[in-house]
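For reference, the chains in residue letters:
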Amino acid sequence: MSGMSVDEVKALAEKVFAPWIRELGLEPVSFDDRGGNFRLPDNRALVHIGNVVCGQAIASAADTAIVYVLAALNGRMRMCTTVDFTTHFIRPIPPGAVDMRVEVLSNGRRMAYLRVEFRAEGSDKLAATVTSTFAYLED
């Protein structure tokens, strides 16, 4: 894959994302031609009263990971915005780290379509999915 490395993409966080997004601690693990793998580390601040990782944290992690993947695949940060974002919560995610996979379904000149899958770390059971559309605001 030609694009940005994991270290280059990590450096974007300080420039692009709000402080509370950086506090999620989302870790890019690897990128390939179809997307990327991420780890959302154990963070008790993301666990709500029901003793599960809250949906807002899942949604924020997905949106953030998508931006990372698009930057990696495009070889640079292109200004973009979320156009559509659909989340399906399949099963609760217990406190602890979460594994994420972002798949790029289409990455065109003006729009990108992506899918994110979430699993509790070490589990093969799908816990949540996000499908999203992003519009590029620049060429």
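Residues numbered from 1 in each chain as written. Predicted model: local features only at pLDDT ≥ 70, side-chain atom pairs only at ≥ 80, totals over all residues. Heavy atoms only, no water.

Colleague: Is there a simple way to think about the overall build of the chain in this case?
Modeller: Counting its regular elements, the chain contains 3 helices and 6 strands. Beginning at the N terminus, the succession of helices and strands in the chain can be written as α-α-β-β-α-β-β-β-β. For the chain, whose C-alpha radius of gyration is 14 Å, the value lies close to the compact-globule estimate of 14 Å for 139 residues. Reported as C-alpha extents along the three principal axes, the dimensions of the chain are approximately 45 × 25 × 25 Å. When the 139 residues of the chain are sorted by exposure, 42% land in the buried category. Residue pairs in contact within the chain that sit at least 24 positions apart in sequence constitute 65% of those at least 6 positions apart. Total accessible area on the chain is roughly 7,100 Å²; 51% of this is exposed by carbon and sulfur atoms. Counting 15 positive and 17 negative side-chain charges, the chain places the averaged centre of each group 3 Å from the other. (Helix = DSSP H or I, 4+ residues; strand = E, 2+ residues; numbered from the N terminus. Rg over C-alpha atoms; globule rule 2.2 N^0.38 Å. Buried < 20%, exposed > 50% of the residue type's maximum accessible area, 1.4 Å probe, protein only. Contact = heavy atoms within 4.5 Å. Areas by Shrake-Rupley, 256 points an atom, 1.4 Å probe, with all protein chains shown as cover. Lys, Arg positive; Asp, Glu negative; His and termini not counted. Charge placed at Lys NZ, Arg CZ, Asp CG, Glu CD.)

Colleague: Looking at this model, I keep getting lost on empty space enclosed by the protein. Mind explaining?
Modeller: Space left empty within the atom packing is revealed by a probe, the size of a water molecule, rolled over the atoms. Within this structure, the stated rule accounts for 1 cavity of 30 Å³ or more. Here the residues of the lining of the largest cavity are counted per class, giving 5 nonpolar, 2 polar and 1 charged. (1 Å grid on protein atoms, 1.4 Å probe; cavity = no way out; pocket = protein on both sides within 12 Å on 5 of 7 lines; lining within 4 Å. Points joined across faces, edges and corners; volume = space filled by probe spheres on them. Nonpolar A, V, L, I, M, F, W, Y, C, P; charged D, E, K, R; others polar.)

Colleague: Sorry, what's going on with the pattern of salt bridges here?
Modeller: A side chain of one charge can pair with a side chain of the opposite charge if their charged atoms are brought near each other. Under the defined criterion, the tally for this structure stands at 9 salt bridges. For Glu-121, the salt bridge is made with Arg-39, and the minimal N-O distance between the two is 2.7 Å. A residue pair is termed long-range when its members are at least 10 positions apart, and Glu-121 in the loop between strand 5 (111-120) and strand 6 (128-136) and Arg-39 in strand 2 (residues 35-40) qualify at 82 residues. Taking the relative accessible area as the measure of exposure, Arg-39 reaches 26% and is therefore partly exposed. One salt bridge in this structure joins Arg-119 and Glu-117, with 3.0 Å as the shortest N-O distance. (Salt bridge = Lys/Arg side-chain N within 4 Å of Asp/Glu carboxyl O.)

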